[in-house]
Amino acid sequence: MTDRFSKNPLALAALALVAALIGAGAFWLFQRAVPGALADTDRARVGRVVHEYILDHPEILLEAQQRLQERQVAAQQSEALKVVAANKRAILEPIGSAWAGNPQGDVTVVEYFDYNCGYCRASLPTIDALIAGDPKVKVVFREWPILSDESIAAARVSLAAADQGKFKTFHDALYKAGPVTGETISAAAKAAGIDMARANAFAPQAQAEIASNMDLARKMGLSGTPSWVIGDRVVSTALPLEELQKAVAAARAKL
(Lines give C-alpha, C1' and ligand atoms only; values in the text may rest on other atoms or scores of the structure.)
Protein backbone atom coordinates (compact mmCIF):
# COMPACT_ATOMS: atom_id res chain seq x y z
CA MET A 1 0.00 0.00 0.00
CA THR A 2 2.80 2.41 0.93
CA ASP A 3 4.61 1.47 -2.30
CA ARG A 4 1.54 2.32 -4.33
CA PHE A 5 1.26 5.81 -2.83
CA SER A 6 5.00 6.50 -3.07
CA LYS A 7 4.96 5.71 -6.80
CA ASN A 8 1.99 7.99 -7.43
CA PRO A 9 2.71 11.62 -6.43
CA LEU A 10 -0.89 12.66 -7.04
CA ALA A 11 -2.22 9.90 -4.83
CA LEU A 12 0.30 10.81 -2.15
CA ALA A 13 -0.68 14.47 -2.38
CA ALA A 14 -4.34 13.57 -2.18
CA LEU A 15 -3.72 11.41 0.85
CA ALA A 16 -1.73 14.16 2.51
CA LEU A 17 -4.38 16.75 1.71
CA VAL A 18 -7.13 14.61 3.17
CA ALA A 19 -5.03 14.02 6.27
CA ALA A 20 -4.32 17.74 6.59
CA LEU A 21 -7.97 18.69 6.26
CA ILE A 22 -9.25 16.00 8.58
CA GLY A 23 -6.61 16.89 11.12
CA ALA A 24 -3.70 15.55 13.06
CA GLY A 25 -5.85 12.82 14.57
CA ALA A 26 -6.46 11.14 11.24
CA PHE A 27 -2.80 11.52 10.28
CA TRP A 28 -1.78 9.91 13.58
CA LEU A 29 -4.13 6.98 12.88
CA PHE A 30 -2.58 6.54 9.43
CA GLN A 31 0.90 6.46 10.93
CA ARG A 32 -0.21 3.88 13.48
CA ALA A 33 -1.76 1.73 10.75
CA VAL A 34 1.35 1.97 8.52
CA PRO A 35 4.38 2.34 10.84
CA GLY A 36 7.27 4.24 9.27
CA ALA A 37 5.17 5.13 6.24
CA LEU A 38 6.64 8.63 6.01
CA ALA A 39 10.19 9.58 6.81
CA ASP A 40 11.08 13.12 7.87
CA THR A 41 12.05 14.00 4.27
CA ASP A 42 8.72 12.69 3.03
CA ARG A 43 6.89 14.69 5.69
CA ALA A 44 8.54 17.89 4.50
CA ARG A 45 7.71 17.05 0.90
CA VAL A 46 4.09 16.28 1.77
CA GLY A 47 3.89 19.49 3.77
CA ARG A 48 5.02 21.50 0.76
CA VAL A 49 2.51 19.76 -1.51
CA VAL A 50 -0.35 20.47 0.87
CA HIS A 51 0.79 24.06 1.43
CA GLU A 52 1.03 24.75 -2.30
CA TYR A 53 -2.29 23.06 -3.03
CA ILE A 54 -4.10 25.11 -0.40
CA LEU A 55 -2.52 28.32 -1.70
CA ASP A 56 -3.63 27.43 -5.22
CA HIS A 57 -7.12 26.37 -4.06
CA PRO A 58 -7.99 28.49 -0.99
CA GLU A 59 -11.67 27.84 -1.59
CA ILE A 60 -11.26 24.38 -0.06
CA LEU A 61 -10.79 26.01 3.34
CA LEU A 62 -14.22 27.64 3.04
CA GLU A 63 -15.69 24.36 1.84
CA ALA A 64 -14.14 22.52 4.78
CA GLN A 65 -15.42 25.14 7.21
CA GLN A 66 -18.90 24.91 5.72
CA ARG A 67 -18.84 21.11 5.96
CA LEU A 68 -17.74 21.34 9.59
CA GLN A 69 -20.54 23.78 10.38
CA GLU A 70 -23.08 21.50 8.68
CA ARG A 71 -21.90 18.58 10.78
CA GLN A 72 -22.03 20.65 13.96
CA VAL A 73 -25.57 21.81 13.17
CA ALA A 74 -26.63 18.22 12.43
CA ALA A 75 -25.14 17.06 15.72
CA GLN A 76 -26.88 19.86 17.62
CA GLN A 77 -30.19 19.01 15.94
CA SER A 78 -29.77 15.37 16.85
CA GLU A 79 -29.16 16.19 20.51
CA ALA A 80 -32.01 18.71 20.57
CA LEU A 81 -34.46 16.17 19.15
CA LYS A 82 -33.45 13.66 21.80
CA VAL A 83 -34.45 16.25 24.40
CA VAL A 84 -37.77 16.84 22.61
CA ALA A 85 -38.50 13.12 22.42
CA ALA A 86 -37.78 12.69 26.14
CA ASN A 87 -39.83 15.75 27.18
CA LYS A 88 -42.77 15.86 24.78
CA ARG A 89 -45.34 16.86 27.36
CA ALA A 90 -43.24 19.70 28.79
CA ILE A 91 -42.50 21.04 25.30
CA LEU A 92 -45.51 20.26 23.10
CA GLU A 93 -48.40 20.56 25.55
CA PRO A 94 -49.41 24.11 26.51
CA ILE A 95 -50.12 25.54 29.93
CA GLY A 96 -53.84 26.29 30.02
CA SER A 97 -54.82 28.46 27.07
CA ALA A 98 -51.27 29.32 25.92
CA TRP A 99 -51.95 28.08 22.42
CA ALA A 100 -53.60 29.18 19.17
CA GLY A 101 -54.94 27.54 16.04
CA ASN A 102 -56.44 24.06 15.90
CA PRO A 103 -56.44 22.34 19.31
CA GLN A 104 -56.36 18.98 17.51
CA GLY A 105 -53.81 20.12 14.94
CA ASP A 106 -51.71 17.47 13.24
CA VAL A 107 -48.55 19.61 13.50
CA THR A 108 -47.58 21.58 16.60
CA VAL A 109 -45.39 24.66 16.29
CA VAL A 110 -43.80 25.63 19.61
CA GLU A 111 -42.50 29.17 20.07
CA TYR A 112 -40.14 29.99 22.94
CA PHE A 113 -40.53 33.72 23.43
CA ASP A 114 -39.79 36.71 25.65
CA TYR A 115 -42.15 39.68 25.91
CA ASN A 116 -39.17 42.05 25.67
CA CYS A 117 -37.95 40.45 22.43
CA GLY A 118 -38.47 42.69 19.42
CA TYR A 119 -38.17 39.74 17.05
CA CYS A 120 -40.92 37.94 18.97
CA ARG A 121 -43.10 41.02 18.61
CA ALA A 122 -42.34 41.10 14.88
CA SER A 123 -43.32 37.41 14.64
CA LEU A 124 -46.90 38.04 15.85
CA PRO A 125 -48.40 38.75 12.39
CA THR A 126 -46.37 35.87 10.95
CA ILE A 127 -47.90 33.44 13.46
CA ASP A 128 -51.37 34.83 12.78
CA ALA A 129 -50.84 34.39 9.03
CA LEU A 130 -49.61 30.82 9.53
CA ILE A 131 -52.73 29.92 11.51
CA ALA A 132 -55.04 31.70 9.07
CA GLY A 133 -53.56 29.82 6.13
CA ASP A 134 -53.35 26.39 7.77
CA PRO A 135 -56.43 25.09 9.60
CA LYS A 136 -54.55 22.00 10.79
CA VAL A 137 -51.70 23.70 12.65
CA LYS A 138 -51.49 24.30 16.39
CA VAL A 139 -49.15 26.89 17.91
CA VAL A 140 -47.98 26.51 21.51
CA PHE A 141 -46.44 29.48 23.31
CA ARG A 142 -43.71 28.76 25.86
CA GLU A 143 -42.45 31.44 28.19
CA TRP A 144 -38.68 31.89 28.04
CA PRO A 145 -37.99 35.17 29.86
CA ILE A 146 -34.25 35.66 29.35
CA LEU A 147 -33.89 39.37 28.62
CA SER A 148 -34.81 41.19 31.85
CA ASP A 149 -36.49 41.05 35.25
CA GLU A 150 -39.56 42.60 33.61
CA SER A 151 -39.60 39.66 31.22
CA ILE A 152 -39.83 37.29 34.17
CA ALA A 153 -42.61 39.32 35.79
CA ALA A 154 -44.53 39.36 32.49
CA ALA A 155 -44.07 35.62 32.05
CA ARG A 156 -45.49 34.90 35.51
CA VAL A 157 -48.63 36.94 34.84
CA SER A 158 -48.91 35.47 31.33
CA LEU A 159 -48.86 31.95 32.75
CA ALA A 160 -51.50 32.95 35.29
CA ALA A 161 -53.57 34.31 32.42
CA ALA A 162 -53.14 30.99 30.58
CA ASP A 163 -54.26 29.15 33.72
CA GLN A 164 -57.40 31.29 33.74
CA GLY A 165 -58.10 30.80 30.03
CA LYS A 166 -57.14 34.38 29.17
CA PHE A 167 -53.69 33.99 27.62
CA LYS A 168 -54.43 35.44 24.17
CA THR A 169 -56.15 38.53 25.55
CA PHE A 170 -53.26 39.26 27.93
CA HIS A 171 -50.67 38.37 25.27
CA ASP A 172 -52.09 40.81 22.73
CA ALA A 173 -52.73 43.54 25.30
CA LEU A 174 -49.18 43.45 26.65
CA TYR A 175 -47.59 43.57 23.21
CA LYS A 176 -49.83 46.49 22.24
CA ALA A 177 -48.87 48.38 25.41
CA GLY A 178 -45.28 48.93 24.26
CA PRO A 179 -42.16 48.35 26.40
CA VAL A 180 -42.68 45.85 29.20
CA THR A 181 -42.86 47.55 32.60
CA GLY A 182 -44.70 46.93 35.84
CA GLU A 183 -47.31 49.42 34.69
CA THR A 184 -47.91 47.84 31.27
CA ILE A 185 -48.08 44.36 32.81
CA SER A 186 -50.71 45.53 35.29
CA ALA A 187 -52.65 47.31 32.56
CA ALA A 188 -52.64 44.21 30.34
CA ALA A 189 -53.72 42.02 33.25
CA LYS A 190 -56.61 44.40 33.94
CA ALA A 191 -57.59 44.47 30.26
CA ALA A 192 -57.61 40.67 30.20
CA GLY A 193 -59.70 40.49 33.37
CA ILE A 194 -57.19 38.40 35.29
CA ASP A 195 -58.07 37.48 38.86
CA MET A 196 -54.88 38.66 40.58
CA ALA A 197 -55.59 36.80 43.83
CA ARG A 198 -55.80 33.58 41.85
CA ALA A 199 -52.72 34.64 39.88
CA ASN A 200 -50.74 35.12 43.08
CA ALA A 201 -51.78 31.66 44.26
CA PHE A 202 -50.61 30.26 40.93
CA ALA A 203 -47.16 31.88 41.28
CA PRO A 204 -45.29 28.73 42.45
CA GLN A 205 -46.60 26.77 39.45
CA ALA A 206 -45.70 29.62 37.11
CA GLN A 207 -42.18 29.73 38.50
CA ALA A 208 -41.83 25.96 38.11
CA GLU A 209 -42.92 26.24 34.47
CA ILE A 210 -40.39 29.00 33.79
CA ALA A 211 -37.63 26.95 35.42
CA SER A 212 -38.58 23.93 33.31
CA ASN A 213 -38.56 25.99 30.12
CA MET A 214 -35.17 27.46 31.01
CA ASP A 215 -33.73 24.00 31.61
CA LEU A 216 -35.12 22.43 28.44
CA ALA A 217 -34.09 25.42 26.33
CA ARG A 218 -30.54 24.98 27.60
CA LYS A 219 -30.59 21.25 26.90
CA MET A 220 -31.91 21.81 23.38
CA GLY A 221 -29.17 24.35 22.76
CA LEU A 222 -31.53 27.26 22.07
CA SER A 223 -29.56 30.46 21.66
CA GLY A 224 -32.16 33.22 21.70
CA THR A 225 -35.74 34.28 21.17
CA PRO A 226 -37.77 33.47 19.29
CA SER A 227 -36.88 29.79 19.11
CA TRP A 228 -39.03 27.14 17.52
CA VAL A 229 -39.69 23.42 17.76
CA ILE A 230 -41.46 22.15 14.63
CA GLY A 231 -41.46 18.43 14.03
CA ASP A 232 -37.83 17.38 13.77
CA ARG A 233 -36.53 20.93 13.46
CA VAL A 234 -35.28 23.04 16.36
CA VAL A 235 -34.13 26.52 15.44
CA SER A 236 -33.26 29.78 17.21
CA THR A 237 -34.09 32.69 14.94
CA ALA A 238 -37.04 34.70 13.69
CA LEU A 239 -38.55 32.81 10.75
CA PRO A 240 -40.48 34.37 7.86
CA LEU A 241 -43.88 32.92 7.02
CA GLU A 242 -42.50 30.90 4.11
CA GLU A 243 -39.94 29.16 6.33
CA LEU A 244 -42.55 28.34 8.99
CA GLN A 245 -44.84 26.93 6.31
CA LYS A 246 -42.01 24.81 4.87
CA ALA A 247 -41.14 23.48 8.32
CA VAL A 248 -44.79 22.61 9.00
CA ALA A 249 -45.10 20.91 5.60
CA ALA A 250 -41.92 18.90 6.25
CA ALA A 251 -43.21 17.81 9.67
CA ARG A 252 -46.60 16.89 8.20
CA ALA A 253 -44.98 14.81 5.45
CA LYS A 254 -43.34 12.64 8.10
CA LEU A 255 -46.55 11.86 10.00
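Here, every reference points to the structure presented above.
Residues numbered from 1 in each chain as written. Predicted model: local features only at pLDDT ≥ 70, side-chain atom pairs only at ≥ 80, totals over all residues. Heavy atoms only, no water.

Participant: How should the overall build of the protein be read in this particular structure?
Facilitator: A tally of helices and strands in the protein yields 13 helices and five strands. Here the protein, with 255 residues, has 37% of them falling under the buried criterion. Taking the intrachain contacts of the protein between residues at least 6 apart in sequence as the baseline, contacts between residues at least 24 apart amount to 74%. Of the roughly 14,100 Å² that the protein leaves accessible, carbon and sulfur atoms contribute 57%. (Helix = DSSP H or I, 4+ residues; strand = E, 2+ residues; numbered from the N terminus. Buried < 20%, exposed > 50% of the residue type's maximum accessible area, 1.4 Å probe, protein only. Contact = heavy atoms within 4.5 Å. Areas by Shrake-Rupley, 256 points an atom, 1.4 Å probe, with all protein chains shown as cover.)

Participant: Quick question: what am I supposed to make of the side chain of Gln-164 here?
Facilitator: Mapped onto the elements, Gln-164 comes out in the loop between helix H8 (149–163) and helix H9 (167–176). Overall, Gln-164 belongs to the buried group, its relative accessible area being 12%. The contact partners of Gln-164, leaving out residues within four places of it in the chain, are Gly-193, Ile-194, Asp-195, Arg-198 and Ala-199.

Participant: Would you mind showing me how to read the pattern of salt bridges here?
Facilitator: It is possible for side chains of opposite charge to pair when their charged atoms get near one another. In the structure shown here, the tally under the stated rule is twelve salt bridges. Between Lys-82 and Glu-79 there is a salt bridge whose closest N-O contact spans 3.2 Å. Taken as a pair, Lys-82 and Glu-79 lie in helix H5 (residues 59–86) at a separation of three residues, close to a single helical turn. Its relative accessible area of 51% is what places Lys-82 among the exposed residues. By relative accessible area, which is 43% here, Glu-79 ends up partly exposed. (Salt bridge = Lys/Arg side-chain N within 4 Å of Asp/Glu carboxyl O.)

Participant: Teacher, can you tell me more about helix H10 (residues 182–192) here?
Facilitator: Each turn of an α-helix holds 3.6 residues, which means side chains three or four residues apart point in the same direction. Along H10, the residues classified as buried are Thr-184, Ile-185, Ala-188, Ala-189 and Ala-192. Relative to the axis of H10, the buried residues are bounded by an arc of 135° and lie together on one face. Seen from the open side of H10, the exposed residues pointing more than 90 degrees away from its buried face are Glu-183, Lys-190 and Ala-191. Where the residues of H10 are buried, they touch H8, H9 and helix H11 (196–201). Among the residues trailing H10, Gly-193 stands out with phi positive, at a value near 70°. (Arc of directions from axis to C-beta.)

Participant: What is the right way to look at the sheet that holds strand E3 (residues 137–143) in this model?
Facilitator: Two orientations exist for strands paired in a sheet by backbone hydrogen bonds: parallel and antiparallel. The strand order across the open sheet built from five strands is E1-E3-E2-E4-E5, with neighbouring strands paired in mixed fashion. Looking along the sheet, the strands with just one partner apiece sit at the ends: strand E1 (99–101) and strand E5 (233–236). Here the strands of the sheet are splayed against their neighbours by 15° on average, with no regard to which way each runs. For strand E2 (residues 107–113) and strand E4 (residues 227–230), the ladder comprises four bridges, and the chain directions are antiparallel. The residue of E4 that forms the bridge with Glu-111 is Trp-228. Taken strand by strand, helix H7 (residues 118–133) contacts E1, E2, E3 and E4, and its axis lies near 160° from that of E3. (Pairing = 2+ DSSP bridges. Axes fitted to C-alpha atoms, helices over the stretch in contact; angles between N-to-C directions.)

Participant: It is not clear to me how the nonpolar core should be interpreted in this structure. Could you clarify?
Facilitator: The tendency in soluble globular proteins is for nonpolar side chains to be buried as a group. Counting 43 residues, the largest nonpolar core has Val-109, Tyr-115, Phe-170, Ile-194, Trp-228 and Ile-230 as the members making the most contacts within it. Sequence-distant contacts of Phe-170, that is, excluding residues within four places in its chain, are made with Tyr-115, Ala-154, Val-157, Ser-158, Ala-161, Ile-185, Ala-188, Ala-189, Ala-192 and Ile-194. By size, the runner-up hydrophobic cluster in this structure holds 14 residues, among which are Tyr-112, Ala-217, Met-220 and Val-234. (Core = buried A, V, L, I, M, F, W, Y, C linked by side-chain atoms within 4.5 Å.)

Participant: Please clarify how the packing of H7 against helix H13 (residues 241–253) should be interpreted in this entry.
Facilitator: Axis angle and axis distance: for two packed helices, these are the angle between their axes and the distance between the axes, and together they describe the pair. Put simply, H7 and H13 touch, their axes get as near as 9 Å, and they point 45° apart. Between H7 and H13, the angle is such that the two are oblique. Seen from above, H7 lies across H13 with right-handed handedness. Across the interface between the two elements, Thr-126, Ala-129 and Leu-130 from H7 touch Leu-241, Leu-244, Gln-245 and Val-248 from H13. (Parallel < 35°, antiparallel > 145°, perpendicular 65-115°, else oblique. Left-handed = near helix turned anticlockwise from the far one by under 90°.)

Participant: Can you help me understand unusual backbone geometry in this one?
Facilitator: Apart from glycine, the bulk of residues carry a negative phi angle, and the bulk of peptide bonds sit in the trans form. Here the bond from Thr-225 into Pro-226 is cis, since omega is -5°, no more than 30 degrees from zero. Counting through the fold element by element, Pro-226 comes out in the loop between helix H12 (203–220) and E4.

Participant: What is the right way to look at H8 in this model?
Facilitator: Between the first and last C-alpha of H8 there are 21 Å, a value that for 15 residues agrees with the 21 Å anticipated at 1.5 Å per step. Against E3, H9, H10, H11 and H12 lie the buried residues of H8. One side-chain oxygen of the residue at the start of H8 lies 3.3 Å from the amide nitrogen of Glu-150, identifying that residue as Ser-148. Trailing H8 by a residue or two, Gly-165 shows a phi angle of about 75°, which is positive. (Expected span 1.5 Å × (residues − 1). Polar contact = N/O pair within 3.5 Å; in protein donor to acceptor, adjacent residues only side chain to side chain.)

Participant: It is not clear to me how the packing of H8 against H9 should be interpreted in this structure. Could you clarify?
Facilitator: Two numbers describe how H8 lies on H9: the axes approach to 7 Å, and their chain directions differ by 150°. The orientation of H8 relative to H9 falls into the category roughly antiparallel. Taken together, the residues of H9 that come into contact with H8 (itself represented by Ala-154, Val-157, Ser-158, Ala-161 and Ala-162) are Phe-167, Phe-170 and Leu-174. Split into classes, the residues belonging to the contact of H8 with H9 amount to seven nonpolar, one polar and no charged. (Nonpolar A, V, L, I, M, F, W, Y, C, P; charged D, E, K, R; others polar.)

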